[in-house]
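Chain and residue survey
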Amino acid sequence: MVSTRRTAEVSHWHLMPVDILTTVFALLPEKDRCQAGLVCKAWNAVVNTPHLWRHHTFSFRGTNGKEAWRACKFVESALGAHVLHMVLEIGMPVVLNAKTISRSVEAFLSDRATLSLRLKSFQCTGLEYFQSPVYRIARHRNRMVRALCTFLRRQKWLEEIDLACCQMGRPDGTRVLKAIAYKGRRSVKNPQSPLTYLELRHFFMQEANILDCPLFPVEMRRFDSLRHLCLNHSYVNDDVLDNLTNPSNTLRVLQLQVEVSQYIHLIPLSTAIPSKSVLTSAGWRSAAGRCPLLRVFITMKGRFRANDFTRVLVPGIPLAELRVTSVVASLFFGLEDFLPHLRVLMDLMNQHYSGYLTTFHINWSEMGAIWPYEADLVRLFRQCRFLSDVILTMRVPVDTLLNIHKAVVAEKRGRMKLQIAGLEPPLMENFCLNFPYITVKHLGD
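Residues numbered from 1 in each chain as written. Predicted model: local features only at pLDDT ≥ 70, side-chain atom pairs only at ≥ 80, totals over all residues. Heavy atoms only, no water.

1. Let's talk about the overall build of the protein
Assigned secondary structure in the protein consists of 19 helices and 13 strands. Across the 445 residues in the protein, those meeting the buried criterion constitute 47%. Long-range contacts, defined as pairs at least 24 residues apart, comprise 77% of the intrachain contacts of the protein with a sequence gap of at least 6. Accessible area of the protein: about 21,900 Å², with a carbon and sulfur share of 56%. (Helix = DSSP H or I, 4+ residues; strand = E, 2+ residues; numbered from the N terminus. Buried < 20%, exposed > 50% of the residue type's maximum accessible area, 1.4 Å probe, protein only. Contact = heavy atoms within 4.5 Å. Areas by Shrake-Rupley, 256 points an atom, 1.4 Å probe, with all protein chains shown as cover.)

Here it is as structure tokens:
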């Protein structure tokens, strides 16, 4: 009797609603999802739902020579036809499996079924591992780059491409950009989706000095349909910015990343960035005039000084978001040495970016320090009328929070999210209850 009851309970699984089964199967790995489709006809019908196979990751680790064959078989199947968003993961090579990985990736990207996919987004990770000083590993890189260029030329419907951290040299990088630009050529006889998102942070090696290549500004000029572009600050100068912001272009978000090694704290940013990568105030004003809807997001990581901030944050930038992450404390450079540089940053924010700034994040390694410049912080909240998201990993006094709330109320702005460190939970709850215009969140010490 007991076994009969258990069997009756299990038999009700086929009555599970399709929406719940689809949600559960979406959380399973792809291998387990395929095995679940062998349980019964009802589950097999749910597993074959196109929504479950829109995103797919193809991994090549070099464990055996059948990875490319299995990936091509999946693409040729009925499930592979549903793939719209592809992630290509290339494993870390060693001398023994570098040849296997490169040949598998080349065979997969050159397969007829792979080239016939109608992808909307593509991401490639792990290609930087083949930029190795070991010749027996680096020589296999050209084979994968050649196959990647062919694949990108044939993908006419790509709207988003993510090639971050590929660490390519100048010849290979310009070849890939040329393939992407070739994909962007549209005509009446050759209709295709425009490329709207391109991620190129750390796409080139640091030693490449891509601005010395005359082909780079020419290739960037061809991306006239982009709406969101992510680059390193060292890839852009006034000429590149002029090509990206033509009146015919549709660029709306330009995301720049500035990095200085936290271990080279004695070397200023001016020596880390080549002279050709300088963006002047006149260049930014001209770009903002041609593209009034352009907004710039800047992320700064490393140890910065006052001259570094003034070099990057020049007047005229339509700056909407600034994120600064810095390791302050060291043997030669403590918090007390950094405070004057922080004052320069606050002065630049208050003087030049009050009309665009919406997000302002400062993440220091010294979370126990107290914010020293109350007047500058209150003035930032008063002048930046669009500011809505602020993170400060420093302790802000309660009196300063009260003055910030008064400034927000005086400007008649909406709710604002403020995350700070060192505010005890009872005090935070009391503040949020009495001053509803600011949502304060505590950051752990």
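2. Section: the pairing of strand β7 (residues 253-259)
Extensive coverage of β7 is indicated by the burial of six of its seven residues. Taken together, strand β6 (residues 228-232), helix α12 (residues 238-244) and β7 form a β-α-β motif whose crossover is right-handed. Pairing between β7 and strand β8 (residues 295-301): seven bridges, direction parallel. Looking at the pairing, E259 lines up with K301 of β8. (Right-handed = clockwise from strand over helix to strand, strands pointing away. Pairing = 2+ DSSP bridges.)

3. Overview of the environment of Y182
Assignment of secondary structure puts Y182 in helix α10 (residues 170-183). As a C-alpha pair, Y182 and L152 span 30 residues in sequence and 8.6 Å in three-dimensional space. Once residues within four sequence positions are removed from consideration, Y182 is found in contact with R153 and K156.

4. What to know about the pattern of salt bridges
As enumerated under the stated definition, the model contains eleven salt bridges in all. A salt bridge links R222 to E219; its shortest N-O distance comes to 3.4 Å. On the accessibility criterion, R222 (33% relative accessible area) is partly exposed. Here D376 ties to R379 by a salt bridge, and the two come within 3.4 Å at their closest N and O atoms. Here R379 and D376 lie together in helix α17 (residues 374-383), a separation of three residues that amounts to about one turn. Linked through salt bridges whose partners overlap, the residues forming this network are R343, D347, D376 and R379. (Salt bridge = Lys/Arg side-chain N within 4 Å of Asp/Glu carboxyl O.)

5. Remarks on the environment of A78
Looking at the secondary structure, you find A78 in the loop between α5 (67-76) and β2 (85-90). Among the residues examined, A78 registers a relative accessible area of 59% and is labelled exposed. Separated by 28 residues in the primary sequence, A78 and P50 have C-alpha atoms spaced 9.4 Å apart.

6. Let's talk about the packing of aromatic side chains
Tallying each qualifying case throughout the model produces nine aromatic pairs. A centroid spacing of 4.8 Å and a plane angle of 40° characterise the contact between F58 and F108, whose relative ring orientation is tilted. With F58 in strand β1 (residues 55-60) and F108 in helix α6 (residues 98-110), the pair connects residues that are 50 residues apart, well separated along the chain. Owing to a relative accessible area of 0%, F108 belongs among the buried residues under this scheme. (Phe/Tyr/Trp six-rings, centres within 6.5 Å; stacked < 30°, edge-to-face > 60°.)

7. Overview of the nonpolar core
Core analysis: the biggest nonpolar cluster contains 122 residues, and I298 and L313 have the highest contact counts within it. Sort the elements by how many residues they give to this core and helix α9 (residues 141-154) lands first, with seven residues. In this view, I298 contacts L256, V258, V312, L313, I317, L319, E321, L322 and R323; residues no more than four positions away in its chain are not counted. (Core = buried A, V, L, I, M, F, W, Y, C linked by side-chain atoms within 4.5 Å.)

8. With respect to the pairing of strand β3 (residues 121-125)
Sheet analysis places β2 next to β3, joined by five bridges and oriented parallel. Within the sheet, the bridge partner assigned to L88 lies in β3 and is C124. Examined bridge by bridge, β3 and strand β4 (residues 160-162) share three bridges and lie parallel to one another. Paired with S121 across the two strands is E160, which belongs to β4.

9. Quick notes on a positive patch on the surface
Taken together, K99, R103, R136 and R139 make up a surface patch of like positive charges. Residue position: K99 is located in helix α6. (Patch = residues over 30% accessible without salt bridge, like charges linked within 9 Å, V, L, I, M, F, W, Y side chains within 5 Å. Lys, Arg positive; Asp, Glu negative; His and termini not counted. Charge placed at Lys NZ, Arg CZ, Asp CG, Glu CD.)

10. A look at the packing of α6 against α9
One can describe the packing of α6 onto α9 by two numbers: an axis separation of 9 Å at closest approach and a directional angle of 15°. Classified by the angle between their axes, α6 and α9 sit roughly parallel to one another. Crossing hand, α6 versus α9: left-handed. On the side of α6, the interface is formed by S102, R103, V105, E106, L109 and S110, while α9 contributes R143, M144, R146, A147, L148 and F151. Residues that form the contact of α6 with α9 fall into these classes: six nonpolar, two polar and four charged. (Axes fitted to C-alpha atoms, helices over the stretch in contact; angles between N-to-C directions. Parallel < 35°, antiparallel > 145°, perpendicular 65-115°, else oblique. Left-handed = near helix turned anticlockwise from the far one by under 90°. Nonpolar A, V, L, I, M, F, W, Y, C, P; charged D, E, K, R; others polar.)

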